[in-house]
Structures are given as structure tokens and as C-alpha cells.
Amino acid sequence: QVQLVESGGGLVQDGGSLRLSCAASGRTSSIYVMGWFRQAPGKEREFVATIRLRGGNTYYADSVKGRFTISVDNAKNTMDLQMNNLKPEDTAIYYCATSNIYPTMAPERYGYWGQGTQVTVSS
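Residues numbered from 1 in each chain as written. Predicted model: local features only at pLDDT ≥ 70, side-chain atom pairs only at ≥ 80, totals over all residues. Heavy atoms only, no water.

Caption draft 1: Looking closely at the pairing of strand S3 (residues 18–26). Both strand S1 (residues 2–7) and S3 contribute to a ladder of six bridges, which runs antiparallel. Within S3, the residue paired with valine 2 across the bridge is glycine 26. (Pairing = 2+ DSSP bridges. Helix = DSSP H or I, 4+ residues; strand = E, 2+ residues; numbered from the N terminus.)

Caption draft 2: The arrangement of the state of the cysteines in detail. A full pass over the atoms with the stated rule returns one disulfide. What pairs with cysteine 22 in a disulfide is cysteine 96, and their sulfur atoms sit 2.1 Å apart. On the sign convention where negative is left-handed, the bridge of cysteine 22 and cysteine 96, at about 60° about the S-S bond, is right-handed. Remark: cysteine 96 occurs in strand S9 (residues 92–99) and cysteine 22 occurs in strand S3; sequence separation between them is 74 residues. When sorted by exposure, cysteine 22 lands in the same class as cysteine 96, which is buried. (Disulfide = S-S within 2.5 Å. Buried < 20%, exposed > 50% of the residue type's maximum accessible area, 1.4 Å probe, protein only.)

Caption draft 3: The arrangement of the nonpolar core in detail. Core analysis: the largest hydrophobic core is formed by 33 residues, its most contacted members being Trp36, Leu81, Met83 and Tyr94. Those residues in contact with leucine 81, other than ones at most four positions away along the chain, are Leu18, Arg19, Leu20, Trp36, Val48, Ala49, Phe68, Thr69, Ile70 and Tyr94. (Core = buried A, V, L, I, M, F, W, Y, C linked by side-chain atoms within 4.5 Å. Contact = heavy atoms within 4.5 Å.)

Caption draft 4: Structural context of the sheet that holds S1. One open sheet holds the four strands; their spatial order is S1-S3-S8-S7, and the pairing between them is antiparallel. Bordering the open sheet on either side are S1 and strand S7 (68–73), each of which pairs with just one other strand. Here the strands of the sheet are splayed against their neighbours by 15° on average, with no regard to which way each runs. The pairing of S3 with strand S8 (residues 78–83) spans six bridges and is classified as antiparallel. Paired with arginine 19 across the bridge in S8 is glutamine 82. (Axes fitted to C-alpha atoms, helices over the stretch in contact; angles between N-to-C directions.)

What follows is the structure, given as C-alpha cells:
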């Protein structure tokens, strides 16, 4: 079992920045890949970014490429998402998750999920 807890969400103005964090606990040695997803009201869950823990390979959705940066600290069992130049369309609940497949954008290929953290970008 792996437990994931997100933090760092909040309210920010258009063009601002936020840094999300995901803390993993439990069988962390079994984690191969981690990722971020988001879900806006009335929309399906959307892939944001993913990272392979060993090697640090990353993959991003086109909508966030160049603005968001995913990173992992294997010693602390944490994964971060630095979000710059935020836009109102980035408003959503952000979730972290784990997978055994890299890279994959499909939510069904992620097994463990956190409960999410709200990000709101005002215009």
C-alpha cells in the first residue's frame, strides 16, 4: 500500500506561481513512476505531468509544457510540481498518483491516488 498526500494548493492571480507537493508513505520502495493530474468542474481528469523516479525522466502535457516543472526527491519520498505563469484555465483540483508504466497519460494506469489539492487562478 502507498499513501499520497498533496499540499500547496491555493488562490493565485493570473500569471502567478504555485508549488504543489506530494508526500508518499507506505511501500515507497515499490514506486516506479509518479504523476500529476487535474480535474476541473464538469470535466474529465486530465494528465499534467509524469516522472520516472530512477533517472528523473519527465513527460508533460502540451498545455503545461514550458510553464510547469515536475521533480522528485527520492530521499524524502516527495514529488513537486512547480507551476509558473498560471492561467485561469489551470484552475482545478490537482491529484498525484503512482504508476508502473512510463510514460503514460492514462488515469487508469495509475494505481494509487491522493485526495487532491485545489488550485484556483483568478483573472
